[in-house]
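So you can see what is in the structure, the chains are spelled out below.
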There are 4 protein chains.
Amino acid sequence: MTRQAFVHRIAAASPDDVSGLKTAFEEGRIDRSAIVAVFGKTEGNGCVNDFTRALASRALKDLLGPKPCLVMSGGTEGGLSPHFLVFEVREVSTAPAPRALAVGRARTSPLPPEHLGRGAQVDAVAECVKVAMEDAGLKSPEQVHLVQVKCPLLTSDRIAEAAARGKTTATRDTLKSMGLSRAAASLGIAVALGEVNRAKISETAIGTDWSLFSSRASASAGVELAGHEIVVLGHGEGWAGPLRIDHAVMTDAIDIEPVRDALARLGLEANGQLRPAQRMRLKALIAKTEAASTGAIRGLRHTMLNDSDISPTRHARGFTAGALAGLVGHTELYVSGGAEHQGPDGGGPVAVIVEAT
Amino acid sequence: MTRQAFVHRIAAASPDDVSGLKTAFEEGRIDRSAIVAVFGKTEGNGCVNDFTRALASRALKDLLGPKPCLVMSGGTEGGLSPHFLVFEVREVSTAPAPRALAVGRARTSPLPPEHLGRGAQVDAVAECVKVAMEDAGLKSPEQVHLVQVKCPLLTSDRIAEAAARGKTTATRDTLKSMGLSRAAASLGIAVALGEVNRAKISETAIGTDWSLFSSRASASAGVELAGHEIVVLGHGEGWAGPLRIDHAVMTDAIDIEPVRDALARLGLEANGQLRPAQRMRLKALIAKTEAASTGAIRGLRHTMLNDSDISPTRHARGFTAGALAGLVGHTELYVSGGAEHQGPDGGGPVAVIVEAT
Amino acid sequence: MTRQAFVHRIAAASPDDVSGLKTAFEEGRIDRSAIVAVFGKTEGNGCVNDFTRALASRALKDLLGPKPCLVMSGGTEGGLSPHFLVFEVREVSTAPAPRALAVGRARTSPLPPEHLGRGAQVDAVAECVKVAMEDAGLKSPEQVHLVQVKCPLLTSDRIAEAAARGKTTATRDTLKSMGLSRAAASLGIAVALGEVNRAKISETAIGTDWSLFSSRASASAGVELAGHEIVVLGHGEGWAGPLRIDHAVMTDAIDIEPVRDALARLGLEANGQLRPAQRMRLKALIAKTEAASTGAIRGLRHTMLNDSDISPTRHARGFTAGALAGLVGHTELYVSGGAEHQGPDGGGPVAVIVEAT
Amino acid sequence: MTRQAFVHRIAAASPDDVSGLKTAFEEGRIDRSAIVAVFGKTEGNGCVNDFTRALASRALKDLLGPKPCLVMSGGTEGGLSPHFLVFEVREVSTAPAPRALAVGRARTSPLPPEHLGRGAQVDAVAECVKVAMEDAGLKSPEQVHLVQVKCPLLTSDRIAEAAARGKTTATRDTLKSMGLSRAAASLGIAVALGEVNRAKISETAIGTDWSLFSSRASASAGVELAGHEIVVLGHGEGWAGPLRIDHAVMTDAIDIEPVRDALARLGLEANGQLRPAQRMRLKALIAKTEAASTGAIRGLRHTMLNDSDISPTRHARGFTAGALAGLVGHTELYVSGGAEHQGPDGGGPVAVIVEAT
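Please read all numbers here as calculations on a predicted model, not as lab measurements. (Residues numbered from 1 in each chain as written. Chains lettered and ligands numbered in written order. Predicted model: local features only at pLDDT ≥ 70, side-chain atom pairs only at ≥ 80, totals over all residues. Heavy atoms only, no water.)

(A) The arrangement of the pairing of strand S1 (residues 2-11) of chain C in detail. Residue and element names in this part refer to chain C. The element S1 is largely enclosed, with a buried count of seven among its ten residues. In this structure, S1 lies alongside strand S4 (residues 83-92), joined through ten bridges in antiparallel fashion. Along S4, the bridge assignment pairs Phe6 with Glu88. Two elements, S1 and strand S9 (residues 239-240), share two bridges in a ladder whose sense is parallel. Paired with Gln4 across the two strands is Ala240, which belongs to S9. (Buried < 20%, exposed > 50% of the residue type's maximum accessible area, 1.4 Å probe, protein only. Helix = DSSP H or I, 4+ residues; strand = E, 2+ residues; numbered from the N terminus. Pairing = 2+ DSSP bridges.)

Laid out in structure tokens, this is it:
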């Protein structure tokens, strides 16, 4: 049996707009039963009280049932365009390709609030990544180009619930809990991919020691789930089709040249911005970004961490989205904020999926 | 007599941080008495209640006296770095160059609030641009590459003051008044540069008919002044020195290729991001940006105009700043929001000043 | 046949939390089939991109079906507590009371975007109010104490849709469209209640002439509907039960004494804050508020209209909520922002429902 | 020698508007040389990047010189009206009164960033309060009704400066540093007034153990100073004049009855809102407020701590301001956010200054 992965980018007119999916079903472009995952960019603030993720998840669940992994990332700052990235896996009769996009997935059980941002979360995610790799037929970490995880956050209610059981949570600041959850989940990915030695991850390193990171982790936190949803992308065995994936690591918020190189490795060579014909072949760009904790980009001060009106994640998403859109020439990009332990401090991993000619 | 223009980019640790200027005075890098204009990016919201512009202006006035034109533009969203662009004009004994940066300036008298956003403002600015061109030795509009204008806005107090005199202002919405003021001022520039026929500018066209625009106007509104401050940059006669200027027009928020071309025309050719040595020679980049009124960028929906938490100008600044920083490789850019009649709808003019080798 | 109205206040842990309702069904406190309307305060920004209203509506519709009128009002600024106000109407065998709470409702058909904020919207609402009064058995406008209307708003899409048909909308500013929609709907209520002569409402008066207003209108705009949902509350004939309603008009954002008087008329006399036993009898408080367009409260400047970080409706909701919570002693109040033509400029109507002893 | 304190409330049209003060000088209402302190409410966000405090301080310093203590508190959410509270102390020949407003003040030296939020800050403030009490002729803590302290905060720069010296700051989150600074300063006041035993204040208690608090502390953090400015108000010996002061403690954000009682003790008895004639005699109301860390007010959930668009301090200021303005009938109140260890969790101290008849 050979599997083939398909990736569809569907615009959304609102968080609960699934009309584009319905049309694709009706026109036979997407097979509803073959959908294994949907990543979505929704137009909320991407922070604690972003209910656009929940609204989108509800609309998608009503349409697709419980099977697909749903990873909604809030925040379409700047020119980012709300959309869904739909991953299909179909069985095909063609021969496997040496390099073809593979998709695997897995879920953890609900995480007790007091484990969030701590070693127990790291371990839960690390184990789950291996299950997802197996699901994708990915034998070694080298074959993995992206591990997307949707992780939970703390709300006042969850903190109180833990407190009622005599448990202390890692933080009482709900916005901060999103960062801690992304941090622990990303370190879990780094452990699973052999990028970071588990023994080096002390409780205090989570969310503070930025020298520890994964170059292929992408984590989004959301109020709409209590466990983790994990999707692994790579070049696995037993997969067919023209889709290829590669990844790059931006070392800061405007470091687009490694992404240019990754595109070139997949056949999209461009001196300036991708040309329209090239853009058509770029099926997905998935990036993480964050405000550098140093307060500077290439030595020049940024103000993202001192702005009490707009959260740093919102600033970073819009800004890096601009840099990446300037490179690829369109705005339907999955740029997600909060890149704790995902790439180096102030930077982040970027995965690109391209259709081979 | 030959004049030479100098441009200095000075980082600011806060809106009122003029220590970088003081150091430059002490070290002899800048001649305080030769300063004719200072453009500043300050870290406020760039909207009505942005008092960082007033604070910076106050600090600069205390240091420099009343002579220099001060154009403070609020908003360093994303990775933009707060800084001052200091323009010096010195008399030199060298021979004039065929193409050398020229700087001229002028001021209008205070604008009655009821004229804001109306034909009277267009005319006041158009006339003032010509005075500034003369000051710079710019004989024809073709020699002009940028007209920077700082224009006033309406506050509740100013609206009430006009009402007390029986006058109606163009709007009662203070945030909207910023856009109208930039709109009328920019059309004044377009008239002065021969880009738009004054007869075509009806009262209702101001702020609505985006087919009318200047490709070299840059307008910032601020609460700290009641008239206009105008600075003209170009290649004038009787100027010496290695600085060159050119401009481009972005047709949308990610249209960086025209800027790449303008840089190349000034000797900074780069396939990807400017290399470090090239960055050193880029003395200033001055850009305008805005959220496209169509609600879309290259056909893909953006959400800037529907976000009631962050104003569209903040979104647009951070996003286009990302695209431009991705091109030039640093974040000390003067990117200003609100590009009404400054470039086409959703785009904006960009001026670059480069040191010739 | 006698009818009896019941009002339940149910706390919500999130916009889509209907667990409190479910529990009430299970415990027999609420008869699901008797629910005619649900008013909700949800924790969004209450502005254009507030999807908490849509999320709550979706969760309520899934639970209750299409029958009940749903009026979700976004924004729980300050200490406001998210909750649902559930209105039940049951047939009872007791004798009608001379004064008992009556509830009626009606819906308009979808409003074409180009009619929003214009005379056509006024007329559509005025007619619909009469249908709702008839539904409630309210014979004369004097018997009406509150008309709650949920009205649509403009989005970029709706504006474009109208433009595609060659129609111009009243505004292109989506946030402003919320105000215009509330304005026209409220004037429709004022017409229906005989408070304003329809002939006096010119197109330009809508959203500008604040001397025209209803003392009993409450309007909320939301993206989740295209027509209007109207609920009328009063003392109608043929109704039984201990619930009584009265209303007051606040003339400014801190004018709580008329509300104190209305409470006293319903038996809740209090010199200071309501005492705990009195609070138990206050079943609902429904208020509208807004930032005075004069920029001042009792002659002292406010800054709500000049704040480009927080919309004036958010400011006004939190502030007036504080004044009202200080009076009644709890925070589960339905305080809704944007009181155009609802009470005088800067003030708003307040309805209180009290259980008689 | 007898001293007399005068309190003036001067409206400000912008943070740097000192025209009201100038007019008062010209009209002889205020003696410039007698001013010892100015408290100001300015229209910023009251958080880290609020430069309205710096702008106001700069304008006041230019006008008044270095002598007066300046305590600028940012944030006029809701209907709060920007204003300055000016404290004068003049020598008079009248006999001292048994109860008359006394004003004393003192300053600490700059606080190293690494001491912020720690025991060293507690001690520095406690010692300084005693100096200020002595300055006011206040012999015992019982005579003190308010200790206002302006304390520093951490910025990215200050954190980096400490790090460069090998020192770790209590937090790297600049917004959080404001809370920690207010917390430590307030505990310093509590120690000085004998309300909390210094031995009970461990490093970890600062900013977490809300059972420790002062009922008379008011702390505001600001970027514009590196040390502390302390002003003590009470009834001291050797003071004359008709001004009296008292204080109350609100136990939650809507607990206005203790304030009503304090007003009554000073001769302003009111069942409902203060009447206009009474309002004239209320010279100043100074209050602290905060969002309850429990996430609830009187058992009902609030959303202030989960809102990532508006900081909790902004919510709390606007809301409690509404409750207090509803009580006293005007909006020129000094309501300051962030009441860590200032009153119980979710509540805060309130001081009122009234002119005796």
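(B) Summary view of the packing of aromatic side chains. Inspection of every chain in the model, using the stated rule, returns eight aromatic pairs over all chains. A ring pair is formed by B:Phe39 and B:Tyr334, whose centres lie 5.7 Å apart and whose planes are at 45°; its orientation type is tilted. In this pair, B:Phe39 is assigned in strand S2 (residues 35-42) and B:Tyr334 in strand S14 (residues 334-337), connecting sequence segments 295 residues apart. No difference in accessibility class separates B:Phe39 from B:Tyr334, as the two residues are buried. A connected cluster of aromatic rings, assembled from ring pairs, spans A:Phe39, A:Phe87 and A:Tyr334. (Phe/Tyr/Trp six-rings, centres within 6.5 Å; stacked < 30°, edge-to-face > 60°.)

(C) Local environment of the interface of chain B and chain A. Taken residue by residue, the interface counts 42 residues in chain B and 42 residues in chain A. For the pair chain B and chain A, the summed buried surface comes to about 3200 Å²; carbon and sulfur atoms form 53% of the total. Per-residue buried area on chain B facing chain A is highest for B:Leu300, B:Arg301 and B:Phe319; these three make up 20% of the total on that side. For the pair chain B and chain A, the interface holds four salt bridges. We note a salt bridge from B:Glu43 to A:Arg301, for which the minimum N-O separation is 2.8 Å. Inspection of the chain B/chain A interface yields 22 residue pairs in polar contact (both at pLDDT 80 or more). Looking at the side of chain B that touches chain A, the elements that each hand over two or more residues are helix H6 (257-265), strand S13 (300-301) and helix H8 (312-328) of chain B. Among the elements that take part in the side of chain B that touches chain A, H8(B) stands out by supplying nine residues, more than any other. Its residues assigned to classes, the side of chain B that touches chain A comprises 14 nonpolar, 17 polar and eleven charged. (Contact = heavy atoms within 4.5 Å. Buried area = accessible area lost by both parts, 1.4 Å probe. Salt bridge = Lys/Arg side-chain N within 4 Å of Asp/Glu carboxyl O. Polar contact = N/O pair within 3.5 Å; in protein donor to acceptor, adjacent residues only side chain to side chain. Nonpolar A, V, L, I, M, F, W, Y, C, P; charged D, E, K, R; others polar.)

(D) Expanded view of the domain arrangement of chain A. Residues and elements named next belong to chain A. Along its sequence, chain A is organised into domain 1 (2-94), domain 2 (103-233) and domain 3 (242-355). Each of domain 1 and domain 2 has a C-alpha centre, and the two are 22 Å apart. Across the boundary between the two partners, domain 1 contributes 21 residues, which contact 23 residues of domain 2. Carbon and sulfur atoms supply 64% of the area buried between domain 1 and domain 2, which totals about 1600 Å² over both sides. Run the count over domain 1 and domain 2 and you get zero salt bridges. (Domains from an automatic or database assignment.)

(E) Examining the relation of the copies chain B and chain A more closely. For the match of chain B to chain A, the screw axis carries a shift of 0.0 Å, the RMSD comes to 0.0 Å, and the turn is 180°. Such values leave the two copies arranged in the relation of a two-fold axis. Here 100% of the contact residues of chain B are again contact residues in chain A; the copies associate through an equivalent surface. (Least-squares fit on C-alpha atoms with pLDDT ≥ 70 in both.)

(F) A look at the packing of H6(B) against H8(B). Residues and elements named next belong to chain B. For the pair H6 and H8, interaxial distance at closest approach is 10 Å and the crossing angle is 35°. Every pair of crossing elements has a handedness; the one defined by H6 and H8 is right-handed. Counting all contacts with H6, which are made through Val259, Arg260 and Leu263, the residues of H8 involved are Leu324, Leu327 and Val328. (Axes fitted to C-alpha atoms, helices over the stretch in contact; angles between N-to-C directions. Left-handed = near helix turned anticlockwise from the far one by under 90°.)

(G) View of the UniProt feature "binding site: Mg(2+)" (unreviewed entry) in chain A. Residues and elements named next belong to chain A. Using the residue numbers shown here, the UniProt feature "binding site: Mg(2+)" (unreviewed entry) corresponds to Glu290, Ala339, Gln342, Gly343, Pro344 and Gly347. The named residues occupy 58 residues along the chain; their greatest pairwise C-alpha distance, 9.8 Å, places them in one compact cluster. Structurally, Gly343 is set in the loop between strand S14 (334-337) and strand S15 (348-355). The contacts of Gly343, once residues within four sequence positions are left out, are Phe213, Ser214, Val249, Gly348 and Pro349. Inspection of the secondary structure assignment puts Pro344 in the loop between S14 and S15. Overall, Pro344 belongs to the buried group, its relative accessible area being 18%. Apart from the residues within four sequence positions on either side, Pro344 is in contact with Phe213, Val249, Met250, Thr251 and Glu290. (UniProt positions renumbered as here; feature names shortened; annotations may be inferred.)

(H) Spatial organisation of the sheet that holds strand S15 (residues 348-355) of chain B. Residues and elements named next belong to chain B. Reading across from one edge, S10-S15-S11-S14 is the order of the four strands in this open sheet, with mixed pairing throughout. Edge positions in the open sheet fall to strand S10 (243-250) and S14, since each of these has one partner strand only. Each adjacent strand pair in this sheet contributes to an overall mean axis angle of 10°, direction not counted. Two strands pair when backbone bridges link them, and strand S11 (residues 282-289) and S14 are joined in this way by four bridges, in the parallel orientation. Bridged to Ile286 within S14 is Tyr334. Strands in contact with H6 are S10, S11 and S15; relative to S10, the strand with the most contacts, it is inclined by about 160°.

(I) Structural view of the side chain of A:His228. Tracing the backbone shows A:His228 in the loop between strand S7 (217-221) and strand S8 (229-235). Excluding residues within four positions of it along the chain, A:His228 makes contact with A:Ala106, A:Arg107, A:Thr108, A:Leu111, A:Gln121, A:Val125, A:Val149, A:Lys150, A:Cys151, A:Pro152 and A:Ala185.

(J) Here's a closer look at the environment of A:Leu60. Residue and element names in this part refer to chain A. Residue position: Leu60 is located in helix H2 (residues 52-64). Each C-alpha atom of the pair Leu60 and Asp17 lies 8.9 Å from the other, and the pair is 43 residues apart in sequence. Excluding residues that lie within four positions of it along the chain, Leu60 makes contacts with Val18, Leu21, Val38, Gly65, Leu70, Met72 and Phe84.

(K) Representation of helix H2 (residues 52-64) of chain C in the model. All names here are of chain C. Taking 1.5 Å as the rise per residue, H2 with 13 residues should run 18 Å; its terminal C-alpha atoms sit 18 Å apart, in good agreement. Taken residue by residue, H2 has Thr52, Arg53, Ala54, Leu55, Ala56, Ser57, Ala59, Leu60, Leu63 and Leu64 as its buried positions. Just beyond H2, the residue with positive phi is Gly65, at close to 80°. (Expected span 1.5 Å × (residues − 1).)

(L) Structural detail: unusual backbone geometry. All names here are of chain B. Phi at His341 takes a positive value of approximately 60°, unusual for a residue other than glycine. In this structure, His341 sits in the loop between S14 and S15. Taking relative accessible area as the criterion, His341 reaches 1% and is therefore assigned buried.

(M) Looking closely at the relation of the copies chain A and chain D. Least-squares fitting of chain A to chain D yields an RMSD of 0.0 Å, with the transformation described by 0.0 Å of translation along the axis and a rotation of 180°. Both copies present the same face, since 100% of the interface residues in chain A are matched by interface residues at the equivalent positions in chain D.

(N) How the structure looks around the interface of chain A and chain D. Of the residues lining the interface, 16 residues belong to chain A; the matching set on chain D comes to 16 residues. It is A:Asn306, A:Ser308 and A:Asp309 that lose the most area in chain A upon contact with chain D, and together they represent 37% of the buried surface on that side. The interface formed by chain A and chain D includes two salt bridges. With a closest N to O distance of 3.6 Å, D:Arg314 and A:Asp309 form a salt bridge. Remark: the boundary between chain A and chain D carries twelve residue pairs in polar contact (both at pLDDT 80 or more). In terms of residue count, helix H5 (residues 174-192) of chain A provides more of the side of chain A that touches chain D than any other element does, three residues in total. Of the residues that constitute the side of chain A that touches chain D, the class distribution is four nonpolar, seven polar and five charged.

(O) Main features of the pairing of strand S6 (residues 144-151) of chain A. All names here are of chain A. Along S6, eight of the eight residues are buried, which leaves the element largely enclosed by surrounding structure. Pairing of S6 with S7 involves five bridges; the strand directions are parallel. Bridge pairing in S7 places Lys150 opposite Ser220.

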